[in-house]
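Structural description and commentary
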Amino acid sequence: MADVDVAKRVALVKATIAEACARVGRDPSEVTLVAVCKTHPPEAVVAAMRAGVTDFGENRVEEARGKIPAVEALAGSRPTWHMVGHIQRRKARDVVALFDFVHSVDRLKLAERLSRLASEAGREIPILLEINVSGEETKWGWRADHWKNTPSQRNTLWSDVEAILKLPGLRVEGLMTMAPIVDDPETARPIFVRLRELRDALATDFPEASWRHLSMGMTDDYPVAVEEGATIVRIGRAIFGPRRSE
Ligand SMILES: *Cc1c(COP(=O)(O)O)cnc(C)c1O
C-alpha cells in the first residue's frame, strides 16, 4: 500500500478514536494506538511512523526478529514494540530481547520465565495479563468468563496474580483480551465491560500494581472498546489493509 494510504488510514483511525472518546467524555490522549503490522513489510511500518504512529505490535517472534531491526535501519529510530501474540516457552528469550511491552502473558509459567530472562538482562518489562473473558476454547489466557460467580476461576487468577506481582523484572500494568470475531461490534461490548470490571476488582485487591491499562479493541470493534475504557487499541487491517499472508 502506498504511504499516502497508510497516512490517511492512520488519520481516520485517530479521528474515530477521538469521536468514541467524545461520546463518553474521555480524553483521547488516554488511548494509545498500537498498529499491528504482522504480514506487512518494514516500509509500511516506516510509513505509519511518518504519519505519527509511535507504537507497533507483532504477534510472532519469527517475523519480529527480522522486521524490528529492519525498521530501525530504515527509519533511523526505534518505535515502541508490543508483543501481542501467544508466546511459546522457547521464544521467551527473543521476546525479552526484541520487545518493549508484552500484552500476551497468559500463564504463570510464562511470567516466571520472562521474569528470569528480564532480570538477567537487567530490565523491568511492562506486561499485561491476557484474559479469556469470552470463554471460547480457542482463546489463550486466564479463563474469566464467569469470574464473579465461579470461585475456581477467580481463585486461579487471584493466586496467579499474587505470584506474578512478586516476580522481579516484570511490572504488571493491566489486562488484555481478544474479543470474539462478530459481525456487529455491539456484540463485543459485554466482553469489554467484563474485562474492565475484572480490572477494577484486581485493582482493589492488589493496589500494589497500577492496573492502568486495558488493551482491547481491534479493527472491527475498537470504537466500542474505547467507549468501554480501552487505553490501548491494537489495530491491524484498518491501518495496513488486508493481511498479506499468514
Ligand atoms: C492481528 C492482531 C490484532 C489486529 O487485528 P485487526 O483485526 O487486523 O485490527 C490485534 N491483536 C492481536 C493479538 C492480533 O494478533
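Rules behind the numbers
Residues numbered from 1 in each chain as written. Predicted model: local features only at pLDDT ≥ 70, side-chain atom pairs only at ≥ 80, totals over all residues. Heavy atoms only, no water. Helix = DSSP H or I, 4+ residues; strand = E, 2+ residues; numbered from the N terminus. Rg over C-alpha atoms; globule rule 2.2 N^0.38 Å. Buried < 20%, exposed > 50% of the residue type's maximum accessible area, 1.4 Å probe, protein only. Contact = heavy atoms within 4.5 Å. Lys, Arg positive; Asp, Glu negative; His and termini not counted. Charge placed at Lys NZ, Arg CZ, Asp CG, Glu CD. Near = heavy atom within 4 Å. Polar contact = N/O pair within 3.5 Å; in protein donor to acceptor, adjacent residues only side chain to side chain. Areas by Shrake-Rupley, 256 points an atom, 1.4 Å probe, with all protein chains shown as cover. Nonpolar A, V, L, I, M, F, W, Y, C, P; charged D, E, K, R; others polar. Core = buried A, V, L, I, M, F, W, Y, C linked by side-chain atoms within 4.5 Å. Pairing = 2+ DSSP bridges. Expected span 1.5 Å × (residues − 1). Arc of directions from axis to C-beta.

Digging into the overall build of the chain
- Per the secondary structure count, the chain includes 9 helices and 9 strands.
- A globule of 246 residues ought to have a C-alpha radius of gyration of about 18 Å, and the chain, at 17 Å, matches this closely.
- Taking the principal axes of the C-alpha coordinates as reference, the chain spans close to 50 × 45 × 30 Å.
- Taking all 246 residues of the chain together, 53% fall into the buried category.
- For the chain, the proportion of contacts with a sequence separation of at least 24, taken over those separated by at least 6, is 63%.
- Of note, the chain has its 35 positive side-chain charges centred 4 Å away from the centre of its 36 negative side-chain charges.

Topic: the site of the ligand
- Around the ligand, the structure places Val 36, Lys 38, Asn 59, Val 84, Met 178, Met 218, Thr 219, Arg 234, Ile 235, Gly 236, Arg 237 and Arg 243.
- Here an oxygen atom of the ligand and a side-chain polar atom of Thr 219 are 2.5 Å apart.
- Here the ligand loses 96% of its free accessible area of 390 Å² to cover by the protein chains.
- Its residues assigned to classes, the shell around the ligand comprises 5 nonpolar, 3 polar and 4 charged.

Points about the nonpolar core
- Core analysis: the biggest nonpolar cluster contains 76 residues, and Phe 56 and Leu 129 have the highest contact counts within it.
- Contact partners of Leu 129, with chain neighbours within four places excluded, come to His 103, Val 105, Trp 142, Val 161, Ile 164, Val 172, Gly 174, Leu 175, Met 176 and Trp 211.

Digging into the pairing of strand 9 (residues 232–235)
- Here strand 9 shows no split at all, with Ile 232 and Arg 234 on one side and Val 233 and Ile 235 on the other all buried.
- The pairing of strand 1 (residues 32–36) with strand 9 spans 4 bridges and is parallel. Counterpart to Thr 32 in the pairing with strand 9 is Ile 232.

Describing helix 1 (residues 3–24)
- Here helix 1 is 22 residues long and its end C-alpha atoms lie 32 Å apart, about the 32 Å a rise of 1.5 Å per residue gives.
- Within helix 1, the full set of buried residues consists of Val 6, Val 10, Val 13, Thr 16, Ile 17, Ala 20 and Cys 21. End-on view of helix 1: buried residues confined to an arc of 135°, all on one side of the axis. Of the exposed residues in helix 1, the ones pointing more than 90 degrees away from its buried face are Val 4, Lys 8, Leu 12 and Ala 22.

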